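The lines below spell out each chain.
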Amino acid sequence: MARRRNEGLLDLLAELPWWISVVLAALVYVFLKFALSLIHFENPFIQAFSKVLPNLSGIFAFLFLVGAFMSFIGSMKRKKLLNNIDKMESIRNLSWQDFELLVGEYFRRKGYVVQENSGGGADG
């Protein structure tokens, strides 16, 4: 079983397809900017918090877009890695991290769902 580190929001978003993070960014922006003000809260602390959040909606949406960018860059790296493999010797020269990415991309192209090891080291 793969060891997993404590993951933050950006790590989770980077594992998703990039377009999901873009959709989530739009939904978060619309909810915080427009829909949250339509909800009435009884608690005065939550009322005050809900009045501040519309001003911060762009920042929260930007965080989701950063996750989308990270996901897109990772996807491009995996695709480039597999496209550039031409000989067995080039596979032997890969680091174990790149080899994992290569194998994962190969199985993705075959239609499998791949969950990559996000731990800090080799999983054995």
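Up top you'll find the structure we're talking about.
An account of the accompanying structure is given in this report. Position labels on residues start from 1 in each chain and follow its written sequence. pLDDT decides what is reported in this predicted model: residues at 70 or higher carry local features, side-chain atom pairs at 80 or more are listed and counted, and totals for whole chains, interfaces and linings draw on all residues regardless. Working from all heavy atoms in the structure, the side-chain values ignore hydrogens and water.

## Focus: the pattern of salt bridges
- The salt bridge criterion pairs a side-chain nitrogen of Lys or Arg with a carboxyl oxygen of Asp or Glu, the two atoms within 4 Å. Per the counting criterion, the structure on display carries four salt bridges.
- The partner of Glu105 in a salt bridge is Arg78, with the nearest N and O atoms 3.9 Å apart. Of the two residues, Glu105 is situated in helix α6 (residues 96-109) and Arg78 in helix α4 (residues 57-83); the sequence distance between them amounts to 27 residues. Like Arg78, Glu105 is buried.
- Ionic pairing is found between Glu105 and Arg108, a salt bridge with its closest N-O pair at 3.6 Å. Placement of the pair is Glu105 and Arg108 together in helix α6, with a separation of three residues, close to one helical turn.
- Since its relative accessible area comes to 5%, Glu105 is described here as buried. Only runs of H or I of at least four residues qualify as helices and only runs of E of at least two qualify as strands under DSSP, and these elements are numbered from the N terminus. Buried, partly exposed and exposed residues are distinguished by accessible area as a fraction of the type maximum, computed with a 1.4 Å probe on protein chains only: under 20%, between the cut-offs, and over 50%, respectively.

## Section: the environment of Phe72
- Turning to its location among the elements, Phe72 is positioned in helix α4.
- The class for Phe72 is partly exposed, based on a relative accessible area of 35%.
- The spacing of Phe72 and Ala14 is 58 residues in sequence and 8.0 Å in space, taken between C-alpha atoms.

## Things to note about the packing of α4 against α6
- One can describe the packing of α4 onto α6 by two numbers: an axis separation of 9 Å at closest approach and a directional angle of 90°. When the axis of α4 is compared with that of α6, the two are roughly perpendicular. In contact with Lys77, Arg78, Lys79, Leu81, Leu82 and Asn83 of α4, α6 contributes Asp98, Leu101, Leu102, Glu105, Tyr106, Arg108 and Arg109.
- Lys, Arg, Asp and Glu make up the charged group, whereas Ala, Val, Leu, Ile, Met, Phe, Trp, Tyr, Cys and Pro make up the nonpolar group; the residues left over, Gly among them, are polar. Each residue belonging to the contact of α4 with α6 can be placed in one class, and the counts come to five nonpolar, one polar and seven charged. Lines fitted to C-alpha atoms define the axes, with helix axes restricted to the stretch in contact, and inter-axis angles between N-to-C directions lie between 0 and 180 degrees. An angle below 35 degrees is read as roughly parallel, one above 145 as roughly antiparallel, one from 65 to 115 as roughly perpendicular, and any other as oblique. A contact between two residues is defined here by any heavy atoms of the two lying within 4.5 Å.

## Topic: the packing of aromatic side chains
- The criterion for an aromatic pair is that two Phe, Tyr or Trp rings (for Trp, the six-membered ring) have centres within 6.5 Å, with stacked assigned to planes under 30 degrees apart, edge-to-face to planes over 60 apart and tilted to the rest. Applying the stated criterion across every chain yields a total of five aromatic pairs.
- With a centroid separation of 6.5 Å and an interplanar angle of 80°, the aromatic rings of Tyr29 and Phe34 are classed as edge-to-face.
- Judged by centre distance (5.5 Å) and plane angle (80°), the ring pair of Phe107 and Tyr112 falls under edge-to-face.
- Given a relative accessible area of 36%, Phe107 falls into the partly exposed group.
- Connected via pairs of aromatic rings, a cluster forms that spans Tyr106, Phe107 and Tyr112.

## Looking at the packing of helix α2 (residues 18-35) against α4
- Interhelical geometry of α2 versus α4 gives an angle of 180° and a closest axis separation of 8 Å. Classified by the interaxial angle, the pair formed by α2 and α4 is roughly antiparallel. Taken together, the residues of α4 that come into contact with α2 (itself represented by Trp18, Ser21, Val22, Leu24, Ala25, Val28, Tyr29, Leu32 and Lys33) are Ser57, Gly58, Phe60, Ala61, Phe64, Leu65, Gly67, Ala68, Ser71 and Phe72.
- When the residues that make up the contact of α2 with α4 are grouped by side-chain class, the tally is 13 nonpolar, five polar and one charged.

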